[in-house]
Amino acid sequence: MASPSPRKLPRRPASTLAEKWTRVDGVDVFYRESASPAPDARVLAHLHGFGLSGRYLLPTAEKLADEFHTLVPDLPGFGRSGKRKDMLDIPDLAHAAMDFFDDRGVDKVSLVGNSMGCPVILECAHHYPERVERAVLVSPAGGVFNRPLRRAMAQLAMDAPREPTRMARVAVPDYLRFGVPSTTRLFKALTQYPSLERLLALKIPTLVVLGEKDPLLPHAHRIDEIAGQTDSHVLVVLLEGAAHAINFSHPDQLAHVIRLFMDDVAIANDPDWPEHLRVYEVHRGVNHPPARD
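Residues numbered from 1 in each chain as written. Predicted model: local features only at pLDDT ≥ 70, side-chain atom pairs only at ≥ 80, totals over all residues. Heavy atoms only, no water.

1. Focus on the packing of aromatic side chains
Part 1 of the argument: One pass over the structure, following the stated rule, counts five aromatic pairs.
Part 2 of the argument: When the ring of Y31 is compared with that of F100, the centres are 5.2 Å apart and the planes differ by 65°; the resulting orientation is edge-to-face. Residue Y31 is located in strand β2 (residues 27-33), and its partner F100 is located in helix α2 (residues 90-103); the two are separated by 69 residues in the primary sequence.
Part 3 of the argument: Each residue in the set Y31, F100 and F101 is aromatic and connected to the rest through ring pairs, giving one cluster.
Part 4 of the argument: Residue placement shows R134 over the ring face of F261; its charged tip is 5.1 Å from the ring centre. (Phe/Tyr/Trp six-rings, centres within 6.5 Å; stacked < 30°, edge-to-face > 60°. Helix = DSSP H or I, 4+ residues; strand = E, 2+ residues; numbered from the N terminus. Lys NZ or Arg CZ within 6 Å of the ring centre and 35° of its normal.)

The structure is reproduced here in structure tokens:
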């Protein structure tokens, strides 16, 4: 199905990233990209959460766009991109993401996701292990902790006042565009997705970033207990003062941690951060690359 509106770029760019359209499998896909990526820059793509577009990921993506070849797509059915009938479960979204990278000529990619974007990344790595180099899972959502729907809605209601007020100006139009029928169907698919099994089975360096104030996730000690079930490749860090939408609310801190992870440098606080913003390593899997000082 074609996009419901003409392929027009926003009148006001949302960031310094270039805003573009492409067409993948007959569907118009809107995306943002580093304006002038270096030919040898590592590709870093950002995948959005439930019902949202990539716009709320831009604060963090923009801070990394000069160092990495950065891509921020609206997956089919979300944001400005066109809709497809089969785009409302996690495997289909993962295949759509990889189709987008094929269209952009990207062979290998590291992926940064928030919320629902994290299961999509896990599915990408499961089906395309030779193409996903690293994974950054920020506030991963889904699974039994977010079931049933009324519990997830209560968690979201708790999270809303913990996010910056300007987040609503980005999120509300996206949610309205996404619609109630799509929300119900995708929520079921999201909470039934085997995120834990996929996470522990990953064979690539994986960073999990948790917000201390995120009501959609278990406490850090439980995450440590879960992550320690196998000799994994997972590094888990906790960011003080953050809730669920860390990519939007704490872009400086998240970009800093991602840089360290991408270069296998030990996770450390930036001395210029305020006292209430600190990041702590919660768990380092046996198979995760050792940290360099």
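2. Here's the deal with the pattern of salt bridges
Part 1 of the argument: Going through the model one piece at a time under the given rule, you end up with 15 salt bridges.
Part 2 of the argument: Between D74 and R32 there is a salt bridge, with the nearest N and O atoms lying 2.6 Å from each other. Here D74, found in the loop between β4 (69-73) and α2, pairs with R32, found in strand β2; they are 42 residues apart in sequence, far enough to count as distant.
Part 3 of the argument: Exposure remark for R32: the relative accessible area of 4% places this residue in the buried category.
Part 4 of the argument: Across the pair R104 and D103 runs a salt bridge whose closest N-O atoms are separated by 2.9 Å.
Part 5 of the argument: Of the residues examined, R104 reaches a relative accessible area of 32% and is grouped as partly exposed.
Part 6 of the argument: Given a relative accessible area of 29%, D103 falls into the partly exposed group.
Part 7 of the argument: Through salt bridges with shared partners, a single network forms among R7, R23 and D28. (Salt bridge = Lys/Arg side-chain N within 4 Å of Asp/Glu carboxyl O. Buried < 20%, exposed > 50% of the residue type's maximum accessible area, 1.4 Å probe, protein only.)

3. A look at the environment of D92
Part 1 of the argument: Relative to the assigned elements, D92 resides in helix α2.
Part 2 of the argument: Residues D92 and P76 lie 16 residues apart in sequence; the distance between their C-alpha atoms is 9.8 Å.

4. A look at the nonpolar core
Part 1 of the argument: F101, L111 and M116 are the most contacted members of the largest nonpolar core, which has 47 residues in total.
Part 2 of the argument: Of the residues forming this core, the biggest block, seven residues, is contributed by α2.
Part 3 of the argument: Excluding residues that lie within four positions of it along the chain, L111 makes contacts with A45, L47, F101, I121, C124, V132, R134, A135 and V136.
Part 4 of the argument: Counting residues in each nonpolar core, the second largest holds 23 residues, with V136, A242, A255 and V279 among its members. (Core = buried A, V, L, I, M, F, W, Y, C linked by side-chain atoms within 4.5 Å. Contact = heavy atoms within 4.5 Å.)

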